[in-house]
Structure formats: C-alpha cells, structure tokens
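# A look at the structure
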Amino acid sequence: MIEIKDLHKSYKMGSNSLHVLKGINFKVEDGELVAIMGSSGSGKSTLLNILGMLDGADSGEYTLDEVPIKNLSETKAAQYRNKFLGFVFQSFNLINYKSALENVALPLYYQKVPRKERQEKAMQYLDKVGLKPWAHHLPSELSGGQKQRVAIARAMAAEPKVLLADEPTGALDSKTSYEVMDLIQQINDEGNTILVVTHEEDIAHMCKRIVHLKDGVIVEDKKIEQVRAGQYV
Amino acid sequence: MFDIERWQEIFDTIRKNKLRTFLTGLSVASGIFILVILLGFGQGMQNGIEREFKQDASTSVWAWPGVTSKEYKGLNPGRRIQFVNENFNKAESLFKDAIEYKSARIFVQGVSANYGKEALIYGIQGVSSDFQFIENTKMVEGRFINYQDEVSTGKVAVIGRKIKKDVFNEVESPIGEFIDISGIPFKIIGVFSEMEDREEERIYIPITTAQRVFNGGNRVNNLSFTLPPVENFDEAVQQAITFKDGLRTYLQQAHTVAPDDNGAMEVWSAMEEAKRYYGLTGNIKIFFWFVGVCTIIAGVVGVSNIMLIVVRERTREIGIRKALGAKPWSIIGMILHESIFVTAISGFSGLIFSMGLLELVGPNVEVDYVVNPSVNFNVALSTVLVLILAGTLAGFVPAWRAAKVQVIESLRDE
Ligand SMILES: Nc1ncnc2c1ncn2[C@@H]1O[C@H](COP(=O)(O)OP(=O)(O)OP(=O)(O)O)[C@@H](O)[C@H]1O
Ligand SMILES: [Mg+2]
C-alpha cells in the first residue's frame, strides 16, 4: 500500500538547514496498523505529513497504492488526498462553525457527493463512532474525545485507503484514549490501513507493528502482539 | 457560478458568520450610499445653477449707463450718462450682422396705474417686440407686443402671470380688459410667465408708446440684444465677448466716457457669466467626483482589509479543507464567491437605499443653487460594479496565497 525509499527531508532555517529525515525506507501492506514512535523532534510528524502529501520530500521515492507520488500539482495532490487519505490530528482540526454532521460530510462535498447522500452517509459514520445524538452540535459543545471521534468519522467518511493519525490521543486522558484506540482498531479490523504516530507505549502496543524513529532514521521496526483496547473501555 | 452545492456551502458559511458578513456588507453599502448621495448633490448644484441661467436667453447682452468716475477729454467725473434712441439705432446698424434680437427698454416712472378701483403697484416697462425673446418670456395667454404696436404706438399692455393672479381673479381672462396708466386706458393683450415671481410683476407696453405718452422723449434706460446661437460653447463665448467689447467701445465714444471707466458704461453678457458658472459647476462636479472616488477607494481598501482578515481568520479552515481534498481553485472560488456575493448584495442595497432617498427627497429640495439632486442610474450602477470588481481583485490575492500555502503551514498551532 505504501512504499518509501531513501526519503530525505530537511527544513531551511535562515542560513542553516535542519536535516530531519535522513533516508527512510519503509513499506506498509494493506490492512496494517502501524505505530510510529520516537522522541520529540525525531521527525514522526514530518514523515506522516509527507506520507499524507501535506508536505513535500526533498528526495526519495514514495509510492501510494502503486501510484508514484512525485512532483504532483496541487490539484492532483488534492485529488489523491481526497481519494486515498484520511487524516486525524492531535488538535482535531474540526471547522468550528460547522456542526459535527457537517464536518463529517465535508470530505464528501469535495468528492462531489450530492447533499442528501452526503448527510446520510455522514450520519452513518457518526453513528459508527457513537455520536449520532450529537450530530447537530458544534465542536465547541463537544468533549475532546468526542471531537476526536468526529474527526475519525470525518476521516473515514471519505472511505480512504489509508488513515493517517498524528497523535490522535495526544490531547486525551487515558480512558478517552482507549475509546479512540478501540475505534481505530475496529476500523482496522474492517481492513483499513492505518498509521498512528504516538509516543505513548500503551497506545503503540494497541497497534500491530511499531516503527521507531531516531535522529531521522528508522532504528527499529517490529511486529507485535496487539493489545485490544476494548477491554479497558 | 451556478453550482448549487457551492451556493449552499456559501450560504452555510454566511449564515454561521453573521457578524463578519454584516461588517463587510456595511462597509460596502455605506461606501456606495455616501457616493451616490454626493454625486446626487453635485448634480443638484448643477441643476440649480443651470436654472438660474435659463431665465434669460443664454446669448443675451445687456448695456446700461451709470455715472462717470473719471475725468475724460475735459469732462468732469460725476456725470450721469443717459442713453437715447440714437444709441440703440446706431448700435443696431453697427452690429447688424452680429445681432439676432434687439430691444431698447425704458422704465416708466412717476405714473400711477389702476384697474378699476385697484391700484397697480407694478413696474411698467417700455420695450419692443423682440424683448420677448431676449428675456425668454413665455406667453401663457394672448400675445406679446408686436412690431405693429410699436409703429402705431398702440395702447396695449402685457402683464405678468402674478399680476393676473393678484388682480384679475374676478374675471375669467384679463385679455381684453383695460387698465389705466396715468388716466390713459391700455388694453391687455397678453399674460406672460417667468421663472421667478419677481419678474412676473411687470407690465410691458410698447417702447414707442412709453416715450411718446409719458414724456420719455427719446430717452432709453438700457439696451439689450441677443446673438445668434452658435453650436460650440467656446465660440459662443468668444462671439459674446467680441460683440460686448465692440458695443462698449461705441457707447463709450458716443458718450465721451473713458475706456477704463467701467462703472459709467456697463455691458454684461450672459454667455460670459454662464461660462464662469459652468466652469464653477464643472469644478463642483469634479470635486464631488474626487470625493466620491476617494470614498470608493476607501471602500475598496476597507473591503480588501476585511478580505485579508477574513482569509487570515480562515487560514486553518482552508488548511483543513485542503487536507480533506479541496483543490486550490475550489478554495479561491469559495472565498471569491462569498465575497462577490456579499459585496454585490450590500452594494446594491446601498444603491437602492440611496437612490430611493434621492428619489423621495430630491424633488423637494429646492434651496438656492441646489435643485432636484439626482444621480444617473448608470453611473451609480457602474460604481457598484467597480466596487464589486475591486473587492474581487482585493480578495483574490489573499485567497490565492491562502490556497497556495502548504496545508501543514496553515494547520500549525499558533
Ligand atoms: N516547518 C518547520 N520548519 C522548521 N523546522 C521544522 C518544521 N517542522 C518541523 N521542524 C523541525 O523538524 C524536527 C522534527 O519535527 P517533527 O514535528 O517531525 O517532530 P515529531 O517527531 O513529530 O515531534 P513531536 O513528538 O514533538 O511531535 C523538529 O526539530 C522540528 O523543530
Ligand atoms: Mg509530532
């Protein structure tokens, strides 16, 4: 599903540049649930953003679902993001003046799904994350965990090939975190490919594979026995 | 533009950001409002001044004598100059080719006029038949004095409409009625109207009659002429100046008046005066346009600023939309669509409101020099379009920039 070869990325800061990713090689198969770990500043988010085409790499190859991602125009990138990728962010990134339902329906708007169908589908996904009664609430009326569940519903509504989550539980307490992970595991069980950036060990162990980043390279990449989050909920 | 989904998205955004929308709209609407009102008053002043000038024929030239103030050719200052028939006849023959209409005039003084028992305390003036065209007098009943009346020193009178209203309200028409001037009966042959009431309080009689019957001798009080109309305004002014100077020179020589003794020999041409006033209204118009354009610029700057703020405020939202698969042009389109919609609606409400106000209040405004302020609809419409266009352009730059920013930049926590 995802294949990257010798990926490099550095940030220019005035005259000096900061080499963040120093040759990442990495492959993710269909249906995997991968945790990306590493200390703060190790480049986890940078990697995830490049995978999500939110940011560009300096060099290296990136193939997503057998499509080489290189020198994409903004329009093309937008199309791919819409078709292939779903995002979940630490800070939720819901649109504050839109209700939960409208937020979930938004990616479908960009898929040119008609309004009525959009609403129905969005409602389905909201139901799936257990927030149907909250459909018409604004994000400001929701708790952190609820917001993140809306964000997950939104990411899933577009039916992406890959779900990218950057510290989805970073802003949540442990109980809420497990609820969110439970949801992510369920989505994974349905066969979706998911990458989760985290620096919490317990969250990482709820995935099926852990990739360790350090100083811009992968230092460890291992398959693990998945801990089900459901038992804590 | 006719993408219904996008319209719904825009309406959603507008509905949920009422304050922002309201403020944008208000600045546009008030800009248009101020502009239209300003332009309206510019037009009103022009109307007012033009009306002042419609009173007399626009090519008329008037000459009247005064008192000398300079010693000239051995004659002492302080001499009162008196025009006589000969001056009029000579001027006529001298400038025959340049003149269209001509009339001498005499103010009949020291006589009493009556209609039955009622005293008529109105000015009586002796004029010739051409005078009607020089004063731009409109006949509402009957006719003006004609050449026959002059030749035959007819005892006929033409009265102003105001006199008719004041004195002849008992009879159906004053035509055919007789008034007594110094005991001599004059038959009323016409009623005239003027722009101003003051000028309707006059009784005209043939100048020949005035001179013969009321001991006028060959004296006249002033001379008036009109020049043939010329298409080109500047030529008309030039013609008026040439004639005026020629007439003045002749009159000064005839009465031995120093060429620079202006008070002793006054010659006035409506054309020149008109030029001054037209110049003035031109300037006033330019001034109002200038203020108006400044208003528009202020409006445009206001709209641009608001757009800038709106786009900045929406940076994060734009990032989210892009992460969800919005194409750059869909972002630009969305922002512009909204701004055009809001500017258009508020621009047109400002337009309708201000034009409505002018339409309602305008016709009632009739103070000096401001008559019926109104504004050309097309001009007003184009300013609205300019503002919309400017708002669009002003919105485009930040929208374009926002759409180009890497998603990750716009999502970064501040
Ligand atoms: N836009 C940027 N400009 C300059 N430097 C950047 C930029 N984004 C990230 N960096 C730097 O790159 C390095 C890696 O950042 P990144 O966000 O990938 O770290 P991370 O592993 O996600 O850390 P954390 O766990 O704190 O989120 C950091 O040193 C960071 O300061
Ligand atoms: Mg990070």
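Residues numbered from 1 in each chain as written. Chains lettered and ligands numbered in written order. Predicted model: local features only at pLDDT ≥ 70, side-chain atom pairs only at ≥ 80, totals over all residues. Heavy atoms only, no water.

## Observations regarding the overall build of chain B
Counting its regular elements, chain B contains 13 helices and 16 strands. Buried positions account for 49% of the 414 residues belonging to chain B. For chain B, the share of sequence-separated contacts (at least 6 apart) that also reach a separation of at least 24 residues comes to 78%. Carbon and sulfur atoms provide 58% of the accessible area of chain B, an area that totals close to 20,400 Å². (Helix = DSSP H or I, 4+ residues; strand = E, 2+ residues; numbered from the N terminus. Buried < 20%, exposed > 50% of the residue type's maximum accessible area, 1.4 Å probe, protein only. Contact = heavy atoms within 4.5 Å. Areas by Shrake-Rupley, 256 points an atom, 1.4 Å probe, with all protein chains shown as cover.)

## A closer look at the pattern of salt bridges
According to the stated counting rule, one finds 28 salt bridges over all chains in the structure shown. In this structure, K98(A) and E9(B) form a salt bridge, with 2.8 Å as the shortest nitrogen-oxygen distance. Of this pair, K98(A) sits in the loop between β6 (85–88) and α3 (100–110) while E9(B) sits in helix α1 (residues 4–16), on two different chains. Neither residue differs from the other here; K98(A) and E9(B) are each classed as buried. The partner of E190(A) in a salt bridge is K128(A), with the nearest N and O atoms 3.3 Å apart. Here K128(A) lies in helix α4 (residues 115–128) and E190(A) lies in the loop between α6 (174–189) and β8 (193–197), a separation of 62 residues in the sequence. (Salt bridge = Lys/Arg side-chain N within 4 Å of Asp/Glu carboxyl O.)

## With respect to unusual backbone geometry
All names here are of chain A. One non-glycine residue, E66, lies in positive phi territory at about 65°. Secondary-structure assignment places E66 in the loop between β4 (59–64) and β5 (67–68). One non-glycine residue, K112, lies in the positive phi region at around 65°. Mapped onto the elements of the fold, K112 is located in the loop between α3 and α4.

## A word on the interface of chain A and chain B
If you look at the interface, chain A gives 28 residues, while chain B gives 27 residues. Note on chain A versus chain B: buried area summed over both sides is about 2,600 Å², and carbon and sulfur give 52% of it. If you sort the residues of chain A by the area they bury against chain B, E74(A), Y97(A) and Y110(A) come out on top, with a joint share of 27%. At the junction of chain A with chain B, the criterion picks out 4 salt bridges. The interface formed by chain A and chain B holds 10 residue pairs in polar contact (both at pLDDT 80 or more) in total. Breaking the side of chain A that touches chain B down by element, the ones donating at least two residues are α2 (74–84), α3 and α4 of chain A. (Buried area = accessible area lost by both parts, 1.4 Å probe. Polar contact = N/O pair within 3.5 Å; in protein donor to acceptor, adjacent residues only side chain to side chain.)

## Some words on the environment of F107(B)
Residues and elements named next belong to chain B. Along the chain, the position of F107 falls in strand β3 (residues 101–108). For F107, a relative accessible area of 31% gives the class partly exposed. Spatially, the C-alpha atom of F107 lies 6.6 Å from that of N221, the residues being 114 residues apart in sequence. Excluding anything up to four places from it in sequence, F107 contacts I124, Q125, N221 and N222.

## Let's talk about the UniProt feature "transmembrane region" (unreviewed entry) in chain B
Residue and element names in this part refer to chain B. Within this numbering scheme, the UniProt entry marks residues 21–41, 286–311, 331–357 and 377–400 as carrying the feature "transmembrane region" (unreviewed entry). Helix makes up 100% of residues 286–311 and strand 0%, and the two end C-alpha atoms of the span are 36 Å apart. Annotated as 100% helix and 0% strand, the span residues 377–400 places its first and last C-alpha atoms 34 Å apart. (UniProt positions renumbered as here; feature names shortened; annotations may be inferred.)

## Description of the packing of aromatic side chains
Residue and element names in this part refer to chain B. According to the stated counting rule, one finds 19 aromatic pairs over all chains in the structure shown. Residues F225 and F243 carry aromatic rings whose centres are separated by 5.4 Å and whose planes lie at 75° to one another, so their mutual orientation is edge-to-face. You can see F225 sitting in strand β13 (residues 222–226) and its partner F243 sitting in helix α8 (residues 233–254), a full 18 residues away along the chain. On the basis of relative accessible area, F225 is assigned to the buried category, the value being 0%. Residue classification places F243 among the buried residues on the basis of a relative accessible area of 3%. Taken together through their ring pairs, the aromatic side chains of W62, F131, F144, F192 and Y204 make up a single cluster. (Phe/Tyr/Trp six-rings, centres within 6.5 Å; stacked < 30°, edge-to-face > 60°.)

## A word on the sheet that holds strand β1 (residues 2–13) of chain A
Residues and elements named next belong to chain A. Judged by pairing direction, the sheet is antiparallel, and its 4 strands sit side by side in the order β2-β1-β4-β5 without closing on themselves. Among the strands making up the open sheet, the edge pair consists of β2 (16–28) and β5. By the bridge criterion, 2 bridges tie β4 to β5 in an arrangement that is antiparallel. Its bridge partner being in β5, T63 is matched across the sheet by P68. Here helix α1 (residues 44–51) sits on the sheet and contacts β1, β2 and β4; the angle it forms with β1, its principal contact strand, is near 120°. (Pairing = 2+ DSSP bridges. Axes fitted to C-alpha atoms, helices over the stretch in contact; angles between N-to-C directions.)

## Some thoughts on the layout of surface pockets
Each pocket or cavity is described by its volume, and for the largest pocket that value is around 770 Å³. Residue lining of the largest pocket: 28 residues in total, with S45(A), N49(A), D166(A), I408(B) and R412(B) positioned closest to the centre. Of all the secondary-structure elements, those providing two or more residues to the lining of the largest pocket are β2 and α1 of chain A together with α13 (407–411) of chain B. Looking at the lining of the largest pocket residue by residue, the classes come out as 6 nonpolar, 13 polar and 9 charged. (1 Å grid on protein atoms, 1.4 Å probe; cavity = no way out; pocket = protein on both sides within 12 Å on 5 of 7 lines; lining within 4 Å. Points joined across faces, edges and corners; volume = space filled by probe spheres on them. Nonpolar A, V, L, I, M, F, W, Y, C, P; charged D, E, K, R; others polar.)

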